[in-house]
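Structure at a glance
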Amino acid sequence: MSAAALNSVTRSALGALVDREERRTGSRTLAYEIVAQSVGSSSSWVRKFLAKSEEVKEPRITLFQNIRASYENLCNRVEQENRNDEQRLMLIKGDIDAVTEGFVAEANSQDQTG
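First, a word on what this report is: a plain description of the structure on this page. (Residues numbered from 1 in each chain as written. Predicted model: local features only at pLDDT ≥ 70, side-chain atom pairs only at ≥ 80, totals over all residues. Heavy atoms only, no water.)

**Observations regarding the packing of helix 2 (residues 28-39) against helix 3 (residues 43-50)**
Which entries qualify depends on this criterion: Fitted lines through C-alpha atoms serve as axes, helices being fitted only where they are in contact, and the angles separating the N-to-C directions of these axes extend from 0 to 180 degrees. What counts as a helix is a DSSP run of H or I of at least four residues, what counts as a strand is a run of E of at least two, and both are numbered from the N terminus. Roughly parallel refers to an angle under 35 degrees, roughly antiparallel to one over 145, roughly perpendicular to one between 65 and 115, and oblique to any angle outside these ranges. Should any heavy atoms of two residues lie within 4.5 Å, those residues are considered in contact. In this classification, the charged set is Asp, Glu, Lys and Arg, the nonpolar set is Ala, Val, Leu, Ile, Met, Phe, Trp, Tyr, Cys and Pro, and all remaining amino acids, among them Gly, are polar.
The interhelical angle for the contact between helix 2 and helix 3, taken along N-to-C directions, is 105°, at an axis separation of 8 Å. By the criterion of interaxial angle, the relationship of helix 2 to helix 3 is roughly perpendicular. Touching Tyr32, Glu33 and Ala36 of helix 2 are Ser43, Val46, Arg47 and Leu50, all from helix 3. Partitioned by chemical class, the residues of the contact of helix 2 with helix 3 number four nonpolar, one polar and two charged.

Right, here's the structure in full:
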């Protein structure tokens, strides 16, 4: 993989981490700080790297690995949250289906007697 491609992928992953933290905290500035702390850089470096500033260097390999690990953790959390949501929604659907079956059974019973 070329250095340009590596930087692009790293920038995408880092951007996703910042976006997720911004949604969670409601503050872009705080998101930069949290992500920077989690990957071992400064919030200034994160901002400049995402802005493609020529002031910042390419991420060193340890920083790339930290960004990669943080992104993988984010993906794992999102996948688990989705599984939890799906399970919760299926339980609710089961409850709704049970109530609906009760209505249908009651309506059928009334039709037969009426």
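Moving on from the model shown.
**Overview of the pattern of salt bridges**
To be explicit about the condition: What makes a salt bridge here is a side-chain nitrogen of Lys or Arg within 4 Å of a carboxyl oxygen of Asp or Glu, nothing more. The rule is simple: take the accessible area with a 1.4 Å probe, protein chains only, and divide by the maximum for that residue type; under 20% is buried, over 50% is exposed, in between is partly exposed.
Applying the stated criterion across every chain yields a total of eight salt bridges. For Glu55, the salt bridge goes to Lys48, with nearest N and O atoms at 3.0 Å. For Lys48, a relative accessible area of 30% gives the class partly exposed. The residue Arg68 makes a salt bridge to Glu72 at a minimum N-O spacing of 3.2 Å. Placement of both Arg68 and Glu72 in helix 4 (residues 61-113) is noted, with a separation of four residues, approximately one turn of the helix. Taking relative accessible area as the criterion, Glu72 reaches 38% and is therefore assigned partly exposed. When salt bridges with common partners are traced through the structure, they connect Asp19, Glu22 and Arg28 into a single cluster.

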